[in-house]
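As a plain string of letters, each chain reads:
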Amino acid sequence: MALNLSNLRAPKKANENKKRVGRGMGSGMGKTSTRGHKGQGSRSGSSLMRGFEGGQMPLHRRLPKRGFTNIFRTEYTVLGLDRIAEVAAAESLTELTLEKIVELGLLRKKNGLIKVLNNKAQDGAEFKAAVTVHAHKFSKTAQEAIEKAGGKAVVIG
């Protein structure tokens, strides 16, 4: 069905009124204003910390701590050979420098690091573009595939 002005509709719940509490018994939210009787949550100014479970040991403290996060790890932006082949064909490139990669939007972080991986295209096709690729790291198979196609894998820094 085509969408036009005659069958436009607001999304569900887009035009429902805000819940107004404490406005009489007829509303169903009168008297205690949905806070129940007595207890900490019924009092004014009550705000509990996130994850508070009424004094019971909270879930985030019941679960054991596991693992280790290395704060000094180096993260690379992965660039697949299939993507390089696509770009090389579309732009008719012979050299893919870091500036060109940033310009094409393949690298998001300004000072990011790039690692080229050989992620053979879904149909199992070989890499055929003879391109000189500049990157910070290459997987062994990616480097072999680039050189086999007649290109060069240049390691930056």
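The sections below set out a description of the structure shown in this document. (Residues numbered from 1 in each chain as written. Predicted model: local features only at pLDDT ≥ 70, side-chain atom pairs only at ≥ 80, totals over all residues. Heavy atoms only, no water.)

### Side note on the side chain of S33
- With respect to the secondary-structure elements, S33 resides in the segment before α1 (59-62).
- Setting aside chain neighbours within four positions, we find S33 in contact with V21 and G22. (Helix = DSSP H or I, 4+ residues; strand = E, 2+ residues; numbered from the N terminus. Contact = heavy atoms within 4.5 Å.)

### Remarks on the nonpolar core
- Of all hydrophobic cores here, the largest spans 23 residues; its most connected members are L81, I84, V116, F127 and I146.
- When contributions to this core are tallied by element, the ones reaching two or more residues are α2 (81-91), β3 (113-117), β4 (132-135) and α4 (140-148).
- When residues in this core are grouped by element, the largest group, 4 residues, is from α2.
- Look past the residues within four positions of I84 in its chain and what remains in contact with it is L79, L96, V116, F127 and V133. (Core = buried A, V, L, I, M, F, W, Y, C linked by side-chain atoms within 4.5 Å. Buried < 20%, exposed > 50% of the residue type's maximum accessible area, 1.4 Å probe, protein only.)

### Comments concerning a nonpolar patch on the surface
- Residues L3, L5 and L8 make up a contiguous nonpolar surface patch of roughly 400 Å² in combined accessible area.
- Inspection of the secondary structure puts L3 in the segment before α1.
- Judged by its relative accessible area of 67%, L3 falls in the exposed class. (Patch = residues over 30% accessible without salt bridge, like charges linked within 9 Å, V, L, I, M, F, W, Y side chains within 5 Å. Areas by Shrake-Rupley, 256 points an atom, 1.4 Å probe, with all protein chains shown as cover. Salt bridge = Lys/Arg side-chain N within 4 Å of Asp/Glu carboxyl O.)

All we've got here are geometric facts, nothing functional implied.
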